[in-house]
Amino acid sequence: MIHYNFNHIVIFFVLISILVPQVSSVVEDCGPEQDNSCVDKSKALPLKIIAIISILITSIIGVWLPLVTRSIPALSPDRSLFVIVKAFASGIILGTGFMHVLPDSFDMLSSSCLKENPWHKFPFTGFVAMLSAIVTMAIDSISTSLYSKKHRGGVVNPEIGQRVDLEMGAKLLRYRVIAMVLELGIIVHSIVIGISLGASNNTCTIKGLVAALCFHQMFEGMGLGGCILQAEYKLLEKAMMAFFFSVTTPFGIAIGIALSNTYRENSPRALIIVGLLNASSAGLLIYMALVDLLAADFMGDKLQGSVKLQIKSYMAVLLGAGGMSLMAKWA
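Predicted model, so just to flag it, every value in this text is computed and none were measured.

A. Region of interest: the side chain of Ser90. For Ser90, the location among the structural elements is in helix H3 (residues 80-109). Residues in contact with Ser90, not counting those within four places in the same chain, are Ala289, Leu293 and Leu294.

Printed below as a string of structure tokens:
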């Protein structure tokens, strides 16, 4: 299963590489003119190089931190501190979906650059986000169901030991599905925002985005790293998932730099494609954050057994989501 999913990640990268040139082929720009005092291609390029390096480093630190600190007793998955940190990271992911990705999609698909019919006649952002959440739920549910049937082996009334093994296997598979689907959603968003940063020559915008993205990638990586840790992948599989997460935004920035002369973020085709990608990513991230991360933890035995730990975890969620909400003002 893991090999199958990694093949799909590779295919996704290839499709993005094919799709982006199609977006950039439309060079008309019906948006407002940028502030000429901030637009400087020669000064923007060094900032983009700094962005690639700094975002790559913070992404690596974020996603690997939960994996390498497993040997520290206080940060092991069965300890309270791990649950609180994971709740904070889940709040980051939830805030990303609601406060960054979803509003961006609404802005793009309601732009005056698009035709009145159908883009101003139907709420495509909400519709695509809803479908994305439903598809994510279907993948989660069906994968777990198929695994359970396969390993039940036709046993109608399994013994206690067999029942425990089946439950543990199904739980482990669900953790793996959560980690993989979450990574795919993050990849979509990271590629899109990376392209936007790389294609921009506005030094005022780039400076703010670099700081915001470093913070974002660090804690989003911690959330993903926690999911990877719970999925109990082998070392090579962990390394591959961490690698894909770490390089997606820098990869998007590199594509944006290559297309900076032709890409126009306010061209109709770019608005439609990027807007729909953001909507699908928002639906996925919001579902994953609420259902597979927060609800699963808060309704689990550990948090249900301690109201004090629940309160601490809720505070961590609000802190993470609140931080991303504040960042939306500058990013």
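There's plenty left to go through after this.
B. View of the environment of Leu184. Relative to the helices and strands, Leu184 is located in helix H6 (residues 160-199). Among the residues examined, Leu184 registers a relative accessible area of 28% and is labelled partly exposed. Taking the C-alpha atoms as reference points, Leu184 and Ser281, separated by 97 residues in sequence, lie 8.6 Å from one another.

C. Geometry of the pattern of salt bridges. Enumeration according to the criterion identifies 1 salt bridge in this entry. Taking the shortest distance from any N to any O, the salt bridge between Lys86 and Asp297 comes out at 3.4 Å. Highlighted residues: Lys86 in helix H3 and Asp297 in helix H9 (residues 268-298), separated in sequence by 211 residues. Given the relative accessible area of 7%, Lys86 is considered buried.

D. Representation of the layout of surface pockets within the structure. Estimates place the volume of the second largest pocket at around 720 Å³. Those elements that provide at least two residues to the lining of the second largest pocket are H3, H6, helix H7 (203-231), H9 and helix H10 (301-304). Among the elements that take part in the lining of the second largest pocket, H6 stands out by supplying 8 residues, more than any other. Taken together, the residues that form the lining of the second largest pocket break down as 13 nonpolar, 2 polar and 11 charged.

E. Geometry of the packing of aromatic side chains. This model, assessed by the stated rule, comprises 7 aromatic pairs. Look at Trp119 and Phe124: their rings are 4.6 Å apart centre to centre, the planes differ by 45°, and that puts the pair in the tilted class. Seen in terms of ring centroids, Phe122 and Phe127 are 5.4 Å apart; in terms of plane orientation they differ by 70°. Their pairing is edge-to-face. By relative accessible area, Phe127 is classed as partly exposed at 34%. Put simply, the rings of Trp119, Phe122, Phe124 and Phe127 pair up and form one aromatic cluster.

About the cut-offs
Per chain, residue numbering runs from 1 following the sequence as it is written. Local features in a predicted model are, by the rule used here, given only for residues with pLDDT of at least 70; side-chain atom pairs are given and counted only at 80 or more, and totals for whole chains, interfaces and linings are based on all residues. No hydrogens and no water enter the side-chain calculation; it runs on all heavy atoms of the structure. Helix and strand assignments follow DSSP, with helices taken as H or I runs no shorter than four residues and strands as E runs no shorter than two, numbered in order from the N terminus. Any two residues whose heavy atoms approach within 4.5 Å are treated as being in contact. For every residue, the accessible area obtained with a 1.4 Å probe (protein chains only) is divided by the maximum for its type, and the residue is called buried under 20%, exposed over 50%, and partly exposed between those limits. By convention in these notes, a salt bridge is any Lys or Arg side-chain nitrogen within 4 Å of a carboxyl oxygen on Asp or Glu. The distinction between a cavity and a pocket rests on a 1 Å grid over the protein atoms alone: a 1.4 Å probe fits inside a cavity but cannot get out, while a pocket stays open yet meets protein on both sides within 12 Å along at least five of seven lines, and a residue with an atom within 4 Å of a point counts as lining. Grid points are joined across faces, edges and corners, and a volume is the space filled by probe spheres set on the points. Polarity classes work like this: nonpolar for Ala, Val, Leu, Ile, Met, Phe, Trp, Tyr, Cys and Pro, charged for Asp, Glu, Lys and Arg, and polar for all others, with Gly in that last group. Ring pairs are drawn from Phe, Tyr and Trp, using the six-membered ring of Trp, whenever the two centres fall within 6.5 Å, and their geometry is named by plane angle: stacked under 30 degrees, edge-to-face over 60, tilted for the rest.

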